[in-house]
Number of protein chains: 2
Amino acid sequence: MDILVTLNENYMPQLRVMLASLAINCPGERADIWLLHRAISPEGVRSLNEFCLARGMRLHEVRANEDLFSGAPSTKQYPPEMYFRLLAGQLLPQSLERVLYLDPDILIINSLKPLWETGLRGSMFGACAHTGKTELANSVSYVRLGSEKYYNSGVLLMDLALMRREIAPEELFRYAEEHRRELILPDQDMLNAMFSGRILDLPDIIWNYDARNYSTYFLRTSGEADTDWVMRNTAILHFCGRAKPWKSMYRHRFGVLYKHYMRIAER
Amino acid sequence: MDILVTLNENYMPQLRVMLASLAINCPGERADIWLLHRAISPEGVRSLNEFCLARGMRLHEVRANEDLFSGAPSTKQYPPEMYFRLLAGQLLPQSLERVLYLDPDILIINSLKPLWETGLRGSMFGACAHTGKTELANSVSYVRLGSEKYYNSGVLLMDLALMRREIAPEELFRYAEEHRRELILPDQDMLNAMFSGRILDLPDIIWNYDARNYSTYFLRTSGEADTDWVMRNTAILHFCGRAKPWKSMYRHRFGVLYKHYMRIAER
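What you are looking at is a predicted structure, and each value in this text was computed from that prediction instead of being measured.

Q: Even after reading the chapter, I still don't get the overall build of chain A, so can you show me in this structure?
A: Scanning chain A for helices and strands turns up 12 helices and 10 strands. In summary, chain A has a C-alpha radius of gyration of 18 Å against a globular reference of 18 Å for 267 residues, a match within 12%. In terms of principal-axis extent, the alpha carbons of chain A reach across some 50 × 45 × 35 Å. Counting the 267 residues in chain A, one finds 58% classified as buried.

This is the structure we're talking about:
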């Protein structure tokens, strides 16, 4: 399994928690972690490398080639990092044909193998739209961006070979320039506005479970998706939104699990 | 670390969950598991042995010598198993000098090493009295049994050498015979009635946290023992009482963690 992460140094503690949960819950899977970044310190990378080795994972550092972004509109709101996901084809080694991008604010609680082995059947991405409470916000977004569904970009299975052929950096930069007033979450919005037709729709309840929305999943499945079901079937819990489980006042159901993995990641 | 478990076949699934949590949360500790029993099938033992080996632990089967119990009053309410803990000195190999007994309905969430290394300073046992909601029941019990505190027998650090010297099987049997009307939980009651003066008192919030009593621990510590604190400091969550986290309607806070480990134990 090749896992892609792109983040800045502030999210290194969360990345460790995510990787610790990956190591425990995908036993027997070889995991290669691709760290694509611009500004993480050599000490930060070295320490993460040790962390990965101790858990049987291999870390590969890829420092983004700044030249690629010379044509990008760059402001504080639009840092080069916002293009890392969509330009992963160009930024990662040519030999890689597929990668699974994961946000750092997630917990892996069951095997990722079935996701990793999902055939994309000509789509460039596999992704999930969050159902539930966020649907109103999603409707606004798909009217706003003209896409049919609003996909969350926190879990993205990528066909890198297709992306290399079909995504042109200058088109991304042009889009960003032309829509700079409308983009709220620039990278996620661009994924939806420019590529929603190239996304294979995957079930969020399995691969990108919005950890705030237990009751909605529960009701939508007529009570099937209770805690037992989630612990047995869901593979990725995504702690999206403003309330974060690494803070002390987090009140949602899966906080206790996150905090336990924080402790495991410290060892 | 030498861990003692005594159970019947019905509790094998819970034992696996407990051992899976032990393997993850005491990394780098060699664990020898002593399974003391009377009636577990050879197939059950073989399968548990594989489970342990896959997690880096060694299983040792000890079939209880029935002769030892020939003088015991035996009824349905008083099966020979009730003496296994108190007679562990006689039942386990002479070469073992110390063992940590653990109930199967617990989850290990932090290292047991500090408990394992606790000096008993002449006490025969290290044990915890449950504080909190159960205190009323405890007061009744210590009036009933004449002991000062009512210790829970689910986590017991044992000095086997002392136990061999000081616990006489026939005295246990005589006590059971004479008090057969009063004993509610015969083994736990006998531990308290006969040996409370020989127990080193350990903090339950660390080593035998009653998983039903989050609010009481929280209030008693003036809010210090919140979820973060428990995940960081508590080593043993004990799911005692009638509500069990492996059942679907369990409503307490740590159920989600238990259910996650149930899944880990199945792999």
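Q: Sorry if this is basic, but what is going on with the environment of A:Asn208 here?
A: All names here are of chain A. Mapped onto the secondary structure, Asn208 falls in the loop between helix 9 (204-207) and strand 9 (209-210). You can call Asn208 buried: its relative accessible area is 0%. C-alpha separation for the pair Asn208 and Ile106, spaced 102 residues apart in sequence, amounts to 8.7 Å. In this structure, Asn208 is in contact with Cys128, His130, Asn152, Gly154, Val155, Pro203, Tyr217, Ile236 and His238, ignoring residues within four places of it in sequence.

Q: Hey, could you run me through the sheet that holds strand 5 (residues 106-108) of chain B in this one?
A: Within a sheet, each strand pairs with its neighbour through backbone hydrogen bonds, oriented either parallel or antiparallel. In space, the 3 strands of this open sheet follow the order 5-10-9 (chain B), with mixed pairing throughout. One side of each edge strand has no neighbouring strand; the edge strands of this open sheet are strand 5 and strand 9 (209-210) of chain B.

Q: I'm lost on the confidence of the model for chain A in this one. Help?
A: The predicted coordinates of low-pLDDT regions are not to be read in fine detail. Considering every residue of chain A, the mean pLDDT works out to 92; 94% of them sit at 70 or more. What the predictor reports for the complex is a pTM of 0.93 with an ipTM of 0.91.

Q: Teacher, can you tell me more about the relation of the copies chain B and chain A here?
A: When chain B is brought onto chain A, the operation consists of a screw motion whose angular component is 180° and whose axial shift is 0.0 Å, with 0.0 Å RMSD remaining. What the rotation and shift describe, once combined, is the action of a two-fold rotation axis. No C-alpha of chain B approaches the rotation axis more nearly than that of B:Leu257, which lies at 2.9 Å. Residue by residue, 100% of the interface of chain B is reproduced at the interface of chain A, so both copies engage with the same surface.

Q: Looking at this model, I keep getting lost on the interface of chain B and chain A. Mind explaining?
A: A common way to state how big an interface is: give the accessible area lost once the parts meet. Listed as interface residues are 21 residues of chain B and, on the opposing side, 21 residues of chain A. Carbon and sulfur atoms supply 55% of the area that chain B and chain A bury against each other, a total of about 2000 Å² over both sides. Considering only the side of chain B, the residues that lose the most area to chain A are B:Val256, B:His260 and B:Arg267, jointly responsible for 28% of the buried surface there. Our enumeration of links across chain B and chain A arrives at 4 salt bridges. In this structure, A:Glu266 and B:Arg232 form a salt bridge, with 2.7 Å as the shortest nitrogen-oxygen distance. Applying the counting rule to chain B against chain A returns 16 residue pairs in polar contact (both at pLDDT 80 or more). Elements that contribute at least two residues to the side of chain B that touches chain A include exactly helix 1 (12-25), helix 11 (227-233) and helix 12 (255-266) of chain B. In terms of residue count, helix 12 of chain B provides more of the side of chain B that touches chain A than any other element does, 8 residues in total. Broken down by class, the residue content of the side of chain B that touches chain A amounts to 9 nonpolar, 5 polar and 7 charged.

Q: What should I look at first to understand the state of the cysteines in this one?
A: All names here are of chain B. Throughout the structure, instances matching the rule amount to 0 disulfides over all chains. In this structure Cys52 is not part of a disulfide, and its nearest cysteine sulfur, from Cys26, lies 14 Å away. Relative accessible area serves as the criterion here: at 0%, Cys52 is assigned to the buried category. In this model Cys240 remains outside any disulfide bridge; the closest cysteine sulfur is found in Cys128, 11 Å from its own. For Cys240, a relative accessible area of 9% corresponds to the buried category.

Q: Explanation requested: the pairing of strand 1 (residues 2-6) of chain A in the structure shown.
A: The side chains of a regular strand alternate, residue by residue, between the two faces of the sheet. All names here are of chain A. Among the 5 residues in strand 1, 5 count as buried, and that is most of the element. Note that strand 1 and strand 2 (residues 31-37) share 5 bridges and pair parallel. Each bridged residue has a counterpart across the sheet, and for Asp2 the counterpart in strand 2 is Asp32. Between the parallel elements strand 1 and strand 2, the chain passes through helix 1 (residues 12-25) in a crossover that is right-handed. Relative to strand 4 (residues 98-102), strand 1 runs parallel, the two sharing 2 bridges. Looking at strand 4, one finds that Ile3 is bridged to Leu100.

Q: Hey, could you run me through the pairing of strand 7 (residues 151-159) of chain B in this one?
A: Residues and elements named next belong to chain B. Counting buried positions along strand 7 gives 8 out of 9 residues, so the element sits mostly inside the fold. Note: strand 4 (residues 98-102) against strand 7, 5 bridges, orientation antiparallel. Within the sheet, the bridge partner assigned to Tyr101 lies in strand 7 and is Leu156. With 4 bridges joining them, strand 6 (residues 125-129) and strand 7 adopt antiparallel strand pairing.

Q: I would appreciate a short explanation of helix 7 (residues 169-178) of chain B in the present structure.
A: Each α-helix winds once per 3.6 residues, and so residues spaced three or four apart point in a common direction. The complete set of buried residues in helix 7 of chain B reads B:Pro169, B:Leu172, B:Phe173, B:Tyr175 and B:Ala176. Projected onto a plane normal to the axis of helix 7 of chain B, the buried residues spread over an arc of 160° and lie on a single side.

Q: Please explain the sheet that holds strand 9 of chain A as it appears in this structure.
A: All names here are of chain A. Pairing is mixed in the open sheet, where 3 strands are placed in the order 5-10-9. Because the sheet does not close on itself, it has two edges, and the strands there are strand 5 (106-108) and strand 9. As paired elements, strand 9 and strand 10 (residues 236-238) share 2 bridges and run parallel to each other. Bridge assignment links Tyr209 to a residue of strand 10, and that residue is Leu237.

Cut-off values and rules
Residues numbered from 1 in each chain as written. Chains lettered and ligands numbered in written order. Predicted model: local features only at pLDDT ≥ 70, side-chain atom pairs only at ≥ 80, totals over all residues. Heavy atoms only, no water. Helix = DSSP H or I, 4+ residues; strand = E, 2+ residues; numbered from the N terminus. Rg over C-alpha atoms; globule rule 2.2 N^0.38 Å. Buried < 20%, exposed > 50% of the residue type's maximum accessible area, 1.4 Å probe, protein only. Contact = heavy atoms within 4.5 Å. Pairing = 2+ DSSP bridges. pLDDT = per-residue confidence, 0-100. Least-squares fit on C-alpha atoms with pLDDT ≥ 70 in both. Buried area = accessible area lost by both parts, 1.4 Å probe. Salt bridge = Lys/Arg side-chain N within 4 Å of Asp/Glu carboxyl O. Polar contact = N/O pair within 3.5 Å; in protein donor to acceptor, adjacent residues only side chain to side chain. Nonpolar A, V, L, I, M, F, W, Y, C, P; charged D, E, K, R; others polar. Disulfide = S-S within 2.5 Å. Right-handed = clockwise from strand over helix to strand, strands pointing away. Arc of directions from axis to C-beta.

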